[in-house]
Amino acid sequence: MSKKKITKGQYGYIKNQKVWVSAKTFLLYAMSLTIFGIGIKVMGTKENLLTVIAILGCLPAGRSTVNMIMFLKASGCSMEAKDKIGGYTDGLTEIYDMFFTSYERNYPVSHMVLQSNVVCGYSESRKMDTGACGKHLEAYLKQGGCSGVAVKIYNDIEKYCEGLKNLQKQKESTPKTKEDGDREEIILENLLSISL
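Throughout this description, residue numbers start from 1 for each chain and increase along the sequence as written. It should be noted that, the model being predicted, local features are given only for residues of pLDDT at least 70 and side-chain atom pairs only at 80 or more, the latter also being counted only at that level, while totals for whole chains, interfaces and linings use all residues. To obtain the side-chain values, all non-hydrogen atoms of the structure were included, while hydrogens and water were left out.

**Remarks on the overall build of the protein chain**
Runs of E in the DSSP output that reach at least two residues are strands. Runs of H or I that reach at least four are helices, and both are numbered from the N terminus. Helix and strand counts for the protein chain come out as six helices and four strands. For the protein chain, the α and β elements follow one another from N to C terminus as α-α-α-β-β-β-α-β-α-α. Values of the radius of gyration come from C-alpha atoms, whereas the globule rule sets the reference at 2.2 Å times the count of residues to the power 0.38. Taken against the 2.2 N^0.38 rule, which gives 16 Å for 196 residues, the C-alpha radius of gyration of the protein chain at 22 Å runs more than 25% over that of a compact globule. If one aligns the C-alpha atoms of the protein chain with their principal axes, the spans along those axes are about 75 × 35 × 35 Å. Exposure is judged per residue with a 1.4 Å probe applied to protein chains only, and the accessible area is read against the type maximum: over 50% gives exposed, under 20% gives buried, and values in between give partly exposed. Counting only residues that meet the buried cut, the protein chain has 39% of its 196 residues in that class. Any two residues whose heavy atoms approach within 4.5 Å at even a single point are treated as in contact. For the protein chain, the share of sequence-separated contacts (at least 6 apart) that also reach a separation of at least 24 residues comes to 68%.

**What about helix H1 (residues 13-43)?**
Here, expected helix span is obtained from the residue count minus one, scaled by 1.5 Å. Between its first and last C-alpha, H1 extends 44 Å over 31 residues, near the 45 Å set by a 1.5 Å rise per residue. The complete set of buried residues in H1 reads Tyr-13, Ile-14, Gln-17, Val-21, Thr-25, Leu-28, Ser-32 and Gly-39. Along its buried surface, H1 packs onto helix H2 (49-73) and strand E1 (93-101). Positive phi appears at Gly-44, one or two residues downstream of H1, with a value of about 80 degrees.

**Considerations on the pairing of strand E4 (residues 150-154)**
Of the strand pairs in this sheet, strand E3 (residues 118-122) and E4 are connected by five bridges, and their pairing is parallel. Residue Cys-120 lies in a different strand from E4, and its bridge partner there is Lys-152. Tracing the backbone out of E3, into helix H4 (residues 130-143) and back to the parallel element E4 gives a crossover that is right-handed. For two strands to pair, DSSP has to find at least two bridges joining them. With the strands aimed away from the viewer, a crossover counts as right-handed if its path from the first strand over the helix to the second runs clockwise.

**Some details on the packing of H4 against helix H6 (residues 178-194)**
Packed helix pairs are specified by the crossing angle of their axes together with the interaxial distance, meaning the distance between the axes. Orientation of H4 relative to H6, taken along the N-to-C sense of each, is 115 degrees, at an axis distance of 10 Å. When the axes of H4 and H6 are compared, the crossing they make is right-handed. In contact with Leu-137, Tyr-140 and Leu-141 of H4, H6 contributes Ile-187, Asn-190, Leu-191 and Ile-194. Broken down by class, the residue content of the contact of H4 with H6 amounts to six nonpolar, one polar and no charged. Throughout, an axis means a line fitted to C-alpha atoms (over the contacting stretch in the case of helices), and angles, computed between N-to-C directions, take values from 0 to 180 degrees. Definitions for this section: a left-handed crossing has its near helix turned counterclockwise from the far helix by less than a right angle. A right-handed crossing has that turn clockwise. Only Asp, Glu, Lys and Arg are considered charged in this grouping, and only Ala, Val, Leu, Ile, Met, Phe, Trp, Tyr, Cys and Pro are considered nonpolar; every other residue, Gly among them, is considered polar.

**Considering the environment of Arg-63**
Considering the arrangement of structural elements, one finds Arg-63 in helix H2. Counting along the chain gives 59 residues from Arg-63 to Tyr-122, while the straight-line C-alpha distance between them is 30 Å.

**Regarding the pattern of salt bridges**
Criterion for a salt bridge: a side-chain nitrogen of Lys or Arg within 4 Å of a carboxyl oxygen of Asp or Glu. A full pass over the atoms with the stated rule returns two salt bridges. Residue Lys-84 is joined to Glu-158 by a salt bridge in which the shortest nitrogen-to-oxygen separation is 3.1 Å. Here Glu-158 lies in helix H5 (residues 157-173) and Lys-84 lies in helix H3 (residues 79-86), a separation of 74 residues in the sequence.

**Brief notes about H5**
An ideal rise of 1.5 Å per residue puts 24 Å on 17 residues; H5 measures up with 24 Å between its terminal C-alpha atoms. Among the residues making up H5, those that are buried are Ile-157, Tyr-160, Cys-161, Gly-163, Leu-164, Leu-167 and Gln-168. Along the long axis of H5, the arc covered by the buried residues comes to 155 degrees, so they all point the same way. Counted as exposed and oriented over 90 degrees from the buried face of H5: Lys-159, Lys-169 and Ser-173. Check the buried side of H5 and you find it contacts H3, strand E2 (106-115), E3 and E4. For H5, the side-chain oxygen to backbone nitrogen distance between the N-cap and Glu-158 is 2.9 Å, and the N-cap itself is Asp-156. The directions from the helix axis to the C-beta atoms form the arc being described. Residues adjacent in sequence count toward polar contacts only when both atoms are side-chain atoms; beyond that, a polar contact is any pair of N or O atoms within 3.5 Å, and within protein one must be able to donate a hydrogen and the other to accept it.

Quick look at the structure:
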């Protein structure tokens with residue numbers, strides 16, 4: 001039985017990536033050490049071409065280490081939050097397990113919805129500055145060609161669910177046009193591209 005691949009934006013993505021990136025990092029270092037060991041065994045000294053290959057193999061391993069550390073720091077949406085939010089998202093474009101980075105700080109966003117030119121998100125992190133996260137995302141969306149997008153991030157699940165109710169009412173009162181759908185697709189692509 002084949003297991004369905006979890007892609008960026010789906011529930012469980014961060015948890016899945018923690019496992020795969022850690023395994024990839026371990027494998028890359030193991031390959032470099034193996035090549036280094038073979039070089040010493042065959043040539044009798046560490047001063048050989050296989051040592052150079054092993055050292056160069058540490059470059060992708062180092063890059064993978066950085067990714068692994070970022071994923072290990074990140075946390076996805078909890079099952080409790082997913083269950084509570086699930087009743088309010090019918091018909092809305094939704095994404096899970098987003099982790100946005102900036103020079104100053106990181107922004108873990110557990111769940112997001114898109115409705116026309118509005119993006120709402122919920123973070124389970126009480127320490128996160130939700131206003132700074134919203135401004136950060138608005139700036140990046142504007143750079144990506146999505147001007148006029150309002151971003152609101154909550155860290156109170158009750159207020160977030162209330163916001164989702166309001167988006168549902170807006171969706172019902174204003175039918176979605178093809179232009180709205182295209183705009184949401186561009187916003188979604190931009191959000192996925194700047195997330196870990």
